[in-house]
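Take a look at the letters that make up each chain.
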Amino acid sequence: MDVSEERHIAAMVEQIVKEVMHARARKKTPLIVGNWKMNMTVEKAVHFFESLDLKNEKNDVVVCPPYPLLYPINIAMQQLEAKVQLGAQNMHWEDHGAHTGEVSVQMLREVGCQYVIIGHSERRIAGESNEVIQKKVKQALANGLYPIICVGESSDEFKQGRTKRVIKQQIEAALKDVKESSSIIIAYEPVWAIGTGKSATPEQAEAVHQFIRQILHDLYGQSSATIPILYGGSVNGDNAGNLAEKDNIDGVLVGGASLEASSFQSIIRSFNKEMSNA
Ligand code: PGA
């Protein structure tokens, strides 16, 4: 073996080690996000936090309540010392102005938000375009919020075998002109799985997550390995464990099952268990 071959092999080994380290680092802190949609009251939320036992949990846990509940819930979480972070379900892309019914990123920060869901399919169905989603992603990043960017194919697109094409288009549009990848979070949520009780199988989800990982790699190179890719769509205490076992499922975005402390807790535990086995 000559020197150049040796160098080539050494470089390959170094690359493999780097990738394994990145994969392990990624596995370290799963992210569990509850999307409460248009549900909950302050009273129910206080009860929820009192019932949730996160003392020994190592995951990052986030809840996204409706706007009017953000401030009181932030106060309640501080008083109860809940180890939970706060996110919003949407925001406007401008700093301020004549936008009746809208909320700015600064307002979200003032009430304690660190995350914001952007481009949820329920908002896309209500008319939110890829262009608007991209502006919101840029605005969130520019102001220090983690955007949880939702992508996913409809039932028809799934049946027509167009999943990958749709996902690629949605991700590339949302991340157009976004140079910095360190605060991005992607949530793959097949529309046919949301609120239907019909979750994607762990294998189906992992295949799409691997594809998303490749798209992110093409956009951002090696640093993209640490971007969390969450799965969402009928996640519950029964299926979370099998999803958590998959290499590229870094956490979950949970709707219905995040409204009860017991089911949310068991989802969080599933990811914790998987992390300690890794
Ligand atoms: P689901 O909702 O868990 O109730 O299916 C998920 C979501 O819409 O984020």
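Heads up: the structure comes first, above all this text.
Rules used in this analysis
- Residues numbered from 1 in each chain as written.
- Predicted model: local features only at pLDDT ≥ 70, side-chain atom pairs only at ≥ 80, totals over all residues.
- Heavy atoms only, no water.
- Phe/Tyr/Trp six-rings, centres within 6.5 Å; stacked < 30°, edge-to-face > 60°.
- Helix = DSSP H or I, 4+ residues; strand = E, 2+ residues; numbered from the N terminus.
- Buried < 20%, exposed > 50% of the residue type's maximum accessible area, 1.4 Å probe, protein only.
- Axes fitted to C-alpha atoms, helices over the stretch in contact; angles between N-to-C directions.
- Parallel < 35°, antiparallel > 145°, perpendicular 65-115°, else oblique.
- Contact = heavy atoms within 4.5 Å.
- Nonpolar A, V, L, I, M, F, W, Y, C, P; charged D, E, K, R; others polar.
- Pairing = 2+ DSSP bridges.
- Core = buried A, V, L, I, M, F, W, Y, C linked by side-chain atoms within 4.5 Å.
- Right-handed = clockwise from strand over helix to strand, strands pointing away.

## Points about the packing of aromatic side chains
Counted by the stated rule, this structure contains seven aromatic pairs. Between W36 and F48, the aromatic rings sit 5.1 Å apart at their centres with planes inclined by 80°, giving edge-to-face as the arrangement. With W36 in the loop between β1 (31–35) and α2 (42–51) and F48 in helix α2, this pair connects stretches of sequence that are twelve residues apart. Residue W36 is classed as buried on the basis of its relative accessible area, which comes to 0%.

## Points about the packing of helix α6 (residues 130–142) against helix α8 (residues 163–174)
Closest axis-to-axis distance for the α6/α8 pair is 8 Å, and the angle between their directions is 45°. What the angle tells us is that α6 and α8 run oblique. Along its contact with α6, which presents N130, I133, Q134 and V137, the element α8 presents Q170, A173 and A174. Grouping the amino acids of the contact of α6 with α8 by side-chain chemistry returns four nonpolar, three polar and no charged.

## Re the sheet that holds strand β3 (residues 85–88)
Pairing within the closed barrel is parallel, and its eight strands lie in the order β1-β2-β3-β4-β5-β6-β7-β8. Each adjacent strand pair in this sheet contributes to an overall mean axis angle of 25°, direction not counted. The pairing of strand β5 (residues 146–151) with strand β6 (residues 185–188) spans four bridges and is classified as parallel. Residue pairing for β6: I148 is matched across the bridge by I185. On top of the sheet, helix α3 (residues 67–79) reaches β2 (60–64), β3 and β4 (113–118); it is set at about 175° to β3, its chief contact.

## Some details on the environment of L145
Counting through the fold element by element, L145 comes out in the loop between α6 and β5. A sequence separation of 22 residues divides L145 from R123, and the C-alpha atoms of the two residues are 19 Å apart. Excluding residues that lie within four positions of it along the chain, L145 makes contacts with V105, L108, R109, C113, Q114, Y115, V116 and A140.

## Notes on the nonpolar core
In this structure, I212 and Y231 are the most contacted members of the largest nonpolar core, which totals 65 residues. Top contributing element to this core by residue count: helix α9 (residues 202–220), with seven residues. In this view, I212 contacts V151, I167, I171, I186, Y188 and I229; residues no more than four positions away in its chain are not counted.

## Notes on the pairing of β1
Across the five residues of β1, five count as buried, placing the element largely inside the fold. Across the two faces of β1 the burial is the same, with L31, V33 and N35 and I32 and G34 all buried. Examined bridge by bridge, β1 and β2 share five bridges and lie parallel to one another. Bridging from a neighbouring strand, G34 pairs with V63 of β2. Remark: the β1/α2/β2 crossover connection has right-handed handedness.

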